[in-house]
Amino acid sequence: MARQIMDGGVLRDVTPEEEADLAVGVAGMPRHITKLAFRNRFSMSEKTGIELAALHDPGAPIEQRQASAGLRVYLADLNAATYIDLENEGARAGVLGLEAMGIIDAGRATQILDAEILGEERFYA
């Protein structure tokens, strides 16, 4: 089945030329990806580290509890989103924060946020 997009309120098939453009990215095109595509940009060990860092530990120092709570809020916001806008300041700040907290390795935030959007990752309204 051909991929379809909304065009002026009408659902239509994507042309082969458009498919090629979507696969490599087009200047000016929104950098919106699906939530699953965003999750898949993280490795399994990174996702596990995020989940562990988000756990509430009532015996931990207040700073750690606040950081964990902030991470849970960020994850809830991502879960509530319809799609992930890779240019959104909040989305970017969250991933950069994961790197700053040492949850993901140095340089990974840029890889996750700025990697080319593949056709199957793109969110279609």
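Up top is the structure these notes are about.
**Q** Even after reading the chapter, I still don't get the nonpolar core, so can you show me in this structure?
**A** Considering soluble globular proteins, one finds that nonpolar side chains tend to be buried as a cluster. In this structure, F38, F42 and V95 are the most contacted members of the largest nonpolar core, which totals 19 residues. Contributing elements (two or more residues each) for this core: α2 (35-40), α3 (44-54), α4 (62-80), α5 (89-100) and α6 (108-114). Residues contacting F38, with those up to four places away along its chain left out, are I33, Y74, L78, I84, L86, V95 and I112.

**Q** Would you mind going over the packing of α3 against α4 with me for this structure?
**A** Helices that pack against each other are described as a pair by the angle of their axes relative to one another and the distance between those axes. One can describe the packing of α3 onto α4 by two numbers: an axis separation of 8 Å at closest approach and a directional angle of 125°. What the angle tells us is that α3 and α4 run oblique. Residues I50, A53 and A54 of α3 form the contact with α4, whose participating residues are S68, L71, R72 and L75. For the contact of α3 with α4, the residue count by class is five nonpolar, one polar and one charged.

**Q** Just to check I follow, could you spell out the side chain of S68 for this structure?
**A** Within the secondary structure layout, S68 lies in helix α4. The exposure class of S68 is buried, given its relative accessible area of 5%. Separated by 3.4 Å, the side chain of S68 and the backbone oxygen of L55 make a polar contact.

Criteria and cut-off values
Residues numbered from 1 in each chain as written. Predicted model: local features only at pLDDT ≥ 70, side-chain atom pairs only at ≥ 80, totals over all residues. Heavy atoms only, no water. Core = buried A, V, L, I, M, F, W, Y, C linked by side-chain atoms within 4.5 Å. Buried < 20%, exposed > 50% of the residue type's maximum accessible area, 1.4 Å probe, protein only. Helix = DSSP H or I, 4+ residues; strand = E, 2+ residues; numbered from the N terminus. Contact = heavy atoms within 4.5 Å. Axes fitted to C-alpha atoms, helices over the stretch in contact; angles between N-to-C directions. Parallel < 35°, antiparallel > 145°, perpendicular 65-115°, else oblique. Nonpolar A, V, L, I, M, F, W, Y, C, P; charged D, E, K, R; others polar. Polar contact = N/O pair within 3.5 Å; in protein donor to acceptor, adjacent residues only side chain to side chain.

Bear in mind that shape data such as this cannot, by itself, settle questions of function.
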